[in-house]
Amino acid sequence: MNRLLITGAAGRIATALRPRLRDLARVMCLSDRVDIVAPGPNEEVAICDLADADAVYAAAEGCDGILHLGGCPHEDAWEAIRSANFDGTRNVYEAARRHRIGRVVFASSNHAMGFYPTGQRLDADTPPRPDSYYGLSKAFGEGLARLYWDKCGIESVCMRIGSCFEKPTNRRMLSTWLSDDDLAELVRRSFRAPSVGWTVVYGASANTHGWWDNSGSAHLGWQPRDNAETFRAEVEASNPPPDPEAPENRWQGAGFAAAPIIER
Ligand code: 15L
């Protein structure tokens, strides 16, 4: 690619991905609401609020692809989720349509599926079952991606990211962990695969006790290499055995599923 737009570029995931994906495009256009620390030689910064359609359109000018990581990354009041995630994602897809950008890689989340019971095997055809307004916004983003594929021919890979952190820090993450290296390779494959149409892929490392079946996205050629099992002893030493009946342990979405609706 010549220019790649990365939204949410100041966040933890983008910060981990930027050095790993330098070869993906000649210029990386980094956008976020807040300033971006230490842009590299092939990086340009566009400060922009995803809820501002004109600003998103301007940031996407001249880009060949969009890595959409931006938005609210946790549960919040409806207004906050609506503007950052619902409106924000729609603004990204409208910018892609108006600039004729052919492919978007969208950071969806396991919380689009968080009300399935812990341990149940899910695949790309399992219907969404969001655990929060946040999870609902990710299911919406996936639906929007499908609409823009069917109506406008814009391809998308919707990555249902599990727990993307440096290492797993609780027992749930022994199933849901995604390493930064595995995510970087997933993003690379998602942009480089010859044809992706509308693809849903679960973003988890090759965890021995994982819950998700990625046979439906084999065309991406992505094979995660890390495994949360490497950290089991460390995780168990710092986390007491869970009560399987506690609401936060019954559902895949854990605390997101157990938490009440935020009323504000
Ligand atoms: C997510 O979607 C969140 O953005 C992240 O902060 C974690 O909570 C993660 O899911 C998870 O499920 O561990």
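In this text the structure is predicted, and so the values were computed from the model without any measurement. (Residues numbered from 1 in each chain as written. Predicted model: local features only at pLDDT ≥ 70, side-chain atom pairs only at ≥ 80, totals over all residues. Heavy atoms only, no water.)

**Looking at the sheet that holds strand β1 (residues 3–7)**
No. 1: On the basis of which strands lie adjacent, the open sheet formed by seven strands has the order β3-β2-β1-β4-β5-β6-β9 and parallel pairing. At either margin of the open sheet sits one strand with a lone partner, and together these are β3 (43–47) and β9 (198–203). Going across the sheet, the axis of each strand differs from the next one's by a mean of 20°, ignoring polarity.
No. 2: Two elements, β1 and strand β4 (residues 65–68), share four bridges in a ladder whose sense is parallel. Of the residues in β4, the one forming a bridge with I6 is L67.
No. 3: In this fold helix α4 (residues 133–152) packs onto β5 (103–109), β6 (155–161) and β9, with an angle of close to 160° to the strand it touches most, β5. (Pairing = 2+ DSSP bridges. Helix = DSSP H or I, 4+ residues; strand = E, 2+ residues; numbered from the N terminus. Axes fitted to C-alpha atoms, helices over the stretch in contact; angles between N-to-C directions. Contact = heavy atoms within 4.5 Å.)

**Details of the packing of aromatic side chains**
No. 1: Scanning the model with the defined rule gives nine aromatic pairs in all.
No. 2: Where Y93 meets Y148, the ring centres are 5.4 Å apart and the plane angle is 45°; that geometry is what we call tilted. Taken together, the residues Y93 in helix α3 (residues 78–99) and Y148 in helix α4 connect sequence positions 55 residues apart.
No. 3: Residue class for Y93 comes out buried when judged on its relative accessible area of 0%. (Phe/Tyr/Trp six-rings, centres within 6.5 Å; stacked < 30°, edge-to-face > 60°. Buried < 20%, exposed > 50% of the residue type's maximum accessible area, 1.4 Å probe, protein only.)

**Re the side chain of R3**
No. 1: Counting through the fold element by element, R3 comes out in strand β1.
No. 2: A distance of 2.8 Å separates a polar atom in the side chain of R3 from a polar atom in the side chain of E44.
No. 3: Dropping the residues within four chain positions of it, R3 is found in contact with A25, V27, C29, E44, E61, G62, C63, D64 and G65. (Polar contact = N/O pair within 3.5 Å; in protein donor to acceptor, adjacent residues only side chain to side chain.)

**What about the environment of G135?**
No. 1: Inspection of the secondary structure assignment puts G135 in helix α4.
No. 2: Taking C-alpha positions, G135 is 9.8 Å from I81, a pair spaced 54 residues apart along the chain.
No. 3: Among residues more than four places away in sequence, those in contact with G135 are H111, A112 and P130.

**Points about the site of the ligand**
No. 1: Around the ligand, a shell composed of P73, S109, N110, H111, Y134, G162, S163, R172 and F256 is seen.
No. 2: One nitrogen or oxygen atom from the side chain of H111 is found 2.7 Å from an oxygen atom belonging to the ligand.
No. 3: Protein coverage of the free-state accessible area of the ligand, which is 320 Å², stands at 77%.
No. 4: In this structure the site holding the ligand corresponds to the largest pocket.
No. 5: Across the shell around the ligand, the residue classes tally to three nonpolar, five polar and one charged. (Near = heavy atom within 4 Å. Areas by Shrake-Rupley, 256 points an atom, 1.4 Å probe, with all protein chains shown as cover. 1 Å grid on protein atoms, 1.4 Å probe; cavity = no way out; pocket = protein on both sides within 12 Å on 5 of 7 lines; lining within 4 Å. Sits in = over half its atoms within 2 Å of the grid points. Nonpolar A, V, L, I, M, F, W, Y, C, P; charged D, E, K, R; others polar.)

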